[in-house]
Structure formats: C-alpha cells, structure tokens
Amino acid sequence: MNCKTIISILCFLTILLPASQSNAYQATFHPRLTLTTEYTDNLERENNNEQDDIITTVSPGFTFSIFGQTQGLNLDYDPAYAWYRENSDNNSPRHSANLEIWKQATRNTRLYVNDAFLYTEDPGAEDSDPDAEDRQGRETYYTNTATIGMTNQFGPLDVFTLEFNRRVLINDDDTEDDSYENNPTASLTYYPFRNFGTETNFSFSQTDYDNDDKNVQPSDDFENYFGSIRLIQRLSRTFSGFVGYSYTFMDYVDNEDANYELHYPNIGFSYEREDIANINISAGYLVIDREEESEGLKDDKRFQVNGDISRVWQFRTASLGITGASGYDQATFDQDDLGLRIYYDAAAVFNHEFLRDISYEINGGYRLDHYIDINPERKDKTTTAGVGLIFSRVEFMTTRVDYAYRNVASDENEDEYTENRVSLTIVLTPRNPIYLKR
C-alpha cells in the first residue's frame, strides 16, 4: 500500500463519515492565521561555517471537527510559506496536517484512523519528537504516518488492540535514503482474576530503503519481530508490580551476518493516576546474541533499565511537568543507519501565569543516544533549553516571544552543532469556533 492509496482511503472516510451518521451531529470550523518571524544563528545546523538568517512564515490554518454520538472526525491543517532574508533559494511552502477519525462500532469496540503529514525544509520541525531523526541542512522532506486500528474492551481491565501503521519518509536530497515502513501490532491485556493479569504484545516491522542517486547504495532493508509478555499483580488501584520477558529478532534482508536477537527478562512496577502521573519502570538483563561476531561487535550482556515517566504538578497559577524515558530500539528512520541504540531522555516544562493573560514558560531537556551496533560505538548527547513569554490579553490574538537553545555533542564531529533561535509568533483566531449544526 503506497502513500497515495492511504491518502485516497482517508479522503474517502472523511467524506463518508458525516453522511453515514443516523443521529444528529455537530460540526465546527475554527480558522486561524499564524505569523512568525524567526532568527537562527546556525541555519544549516553545521559544525563549521555557521550562517545566520531571518525567516518569516505566514500560515493560514484551520481546525474542522464533526462529532456525533458514536463517531467523530477532527482535521487540523496548516499550510505555510517561508521567506528567507539572506538565503532566498530556501524559500519554500510548508504543510502540516493531522486527521483523526473514530467510530464506536459497538458498545465495547472502537475503530479509528489517524494520519499525520509534514512537508517542510526546516530541520527543527520534528525536534519535539524523540523518535524523529536529528536533521541537518535545509533540503525539503516530507513524512506521512497513517494508522488504522481497533480496540475492544471486554472487561473492566481487559483490552484487545489491533493496529496497522504505515510510515513514509521522502527526501529531496538524492544522496539521502527514503524510508518506507509497514508495522502491524497487536496487544492483549487480560485479567482472569481481579488483581492478577497478563499483558502480551506483538509487532512486526518491515522497513525498506530507496535512493534516487544510483551511485549511492541505500541502507540494508530489514524486518523486525518483537514480542513481550508480563505477569501483573495489582497491589492497589494505582500501583502494580510485574515480571516480564521481551524478545526481538532483527533480520537484515541482504546481510544475514548482521542479524541479531535480543532477550530481556525483567521485573518492574507501574503507577498510574489519570492526568497526574504515569510511571512504568522495568529493570533486567539485556542479552544481545549476534548471528556473526566480528571485531568490535560481539555478543553482549548488560543491565538495562526501561522506563517511561510523566508527572504533572498543578498550582494555583502555575504548573510543572516532567517526563523521562529509557530503553533500547532500532533507529529505523535516521539518515544514517546506526543500528541498535540504548537511549536516556529527560525533560521538564514550567509554566507560570504571573499576570492576568500574561505567562512565561521555561523548558529544558537532555537526551543520550548510545549506538552499540557500530564499531567503534558512538554516543550522541542532545541538550535543549528555552524560555517563552506569552501574551493573550486581546481576545482574538495570542503573541509569543521564544528563545530556544539546542546543542548536539557527538563522537562523529560532522554531526555536532549548536543552534540558537529567537522567534516572534502572532496567532489570530476567534476565541470560539464557528458552529454548524444539523
């Protein structure tokens, strides 16, 4: 299934959804106009030969929503055009769109379709996504991620989920690999007893690379198989303990000697409070079993902590949120095929409304990516920090002034850089959407 096919299906579902509703629905349209002027001191995110520029962006966008009793649709679309003061060759249109469609097929079964599309030349457009690659240069690229799935809740804690994901990355730079990924997943949480249950997950990923430059060989295509199981003991309404085992098999299509297996027996706990805290931590022994050992790449065993943490503190006029993550994965959509990595990620955001309709925001983050599937091993360290001032006193206008700092330190000198960005953003939009009713 190619990208055009997915887009055609989504457009068909978008048209079909409101027409198929037997009950009354409510539709809203919320337009907006975003004006941004941004200064960057490292336009290409280079280690040497840094150059600055001022970029002005105009973006008319909207949110269109349809909600019924059993189904709904939400579409966000923000086209834009970027003008560069010093480097006009980079002038380019941009597109960002997100589509969500859901339907409550039965009392316990929910169907959904999601699609996210991004077309841009800005290497920082995906900085907030920890799974996206760290890009350099101003070559245009686009990504499209489509998801179709269903969930069935057949008990108070019993849930079955089935999904299919299709992701595409296309680069205008002929020397960079284009990527195509198909990823079906299935998960089952089942509690045969009130406080004792199991959680099983399975996923399969098929990733293909392509390159328009015939003088450059694309990276190895591969297939990835993943399965896990947990035995869960609920100790309270919010706290659970578990023991688990995860298995991964990486199968390179044209390079079987690079294949490897991962075994991860573990023990851990989870703590969940809706909208306040979500903590899931496991500790275990990661065993790396390679098909063929080579110099610098051998079988390995190491202590490994996997986790996802989010916590929010709400105060009268302020809030503080922290997130953290650690684990291992295969960096499938990087421009460089660096293989298996172990990562650690932490971030914090503090927001304070110190005057009526005037607030400030302070954020910071740190990420370590340790690539252990290459010789010699490589570490990338990303440090971010920022501060913003937000004005929203005018009913139809929000103004932001932001400063953002980003530093990447790497064992590969060419991938190191430091960038400072300062931006002024004005968003014009009515406070309330336009309501359309049937």
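First things first, this report covers the structure right here in the doc. If you're wondering where the values come from, they're calculated on a predicted model, not measured in any experiment.

Parameters at a glance
- Residues numbered from 1 in each chain as written.
- Predicted model: local features only at pLDDT ≥ 70, side-chain atom pairs only at ≥ 80, totals over all residues.
- Heavy atoms only, no water.
- Salt bridge = Lys/Arg side-chain N within 4 Å of Asp/Glu carboxyl O.
- Helix = DSSP H or I, 4+ residues; strand = E, 2+ residues; numbered from the N terminus.
- Buried < 20%, exposed > 50% of the residue type's maximum accessible area, 1.4 Å probe, protein only.
- Pairing = 2+ DSSP bridges.
- Polar contact = N/O pair within 3.5 Å; in protein donor to acceptor, adjacent residues only side chain to side chain.
- Contact = heavy atoms within 4.5 Å.

### Examining the pattern of salt bridges
Within the structure shown, the criterion is met by 24 salt bridges. The residue arginine 94 makes a salt bridge to glutamate 121 at a minimum N-O spacing of 2.7 Å. With arginine 94 in strand β4 (residues 92-104) and glutamate 121 in the loop between β5 (109-120) and β6 (141-153), the pair connects residues that are 27 residues apart, well separated along the chain. The pair arginine 94 / glutamate 121 is uniform in exposure class, with both members buried. The closest approach of N and O atoms between glutamate 199 and arginine 230, which form a salt bridge, is 4.0 Å. Of this pair, glutamate 199 sits in strand β9 (residues 196-210) while arginine 230 sits in strand β10 (residues 222-234), and the two are 31 residues apart along the sequence. With relative accessibility at 18%, the residue arginine 230 sits in the buried group. A network of salt bridges, in which partner residues are shared, links Glu38, Arg45, Asp122, Asp127, Asp134, Arg138, Arg406, Glu419 and Arg421.

### A closer look at the pairing of β10
Bridge count between β9 and β10: 12 bridges; the pairing is antiparallel. Opposite threonine 200, over in β10, you have isoleucine 229 as the bridge partner. Note that β10 and strand β11 (residues 239-252) share 13 bridges and pair antiparallel. In the sheet register, isoleucine 232 faces β11, and the bridge partner there is phenylalanine 242.

### Considerations on the side chain of asparagine 42
Note on placement: asparagine 42 falls in the loop between β1 (26-40) and β2 (53-67). On the basis of relative accessibility, which here comes to 1%, the residue asparagine 42 falls in the buried class. A distance of 3.1 Å separates a polar atom in the side chain of asparagine 42 from the backbone nitrogen of arginine 45. If we skip the residues at most four places from it in the chain, asparagine 42 touches Glu50, Gln51, Tyr417, Thr418 and Glu419.

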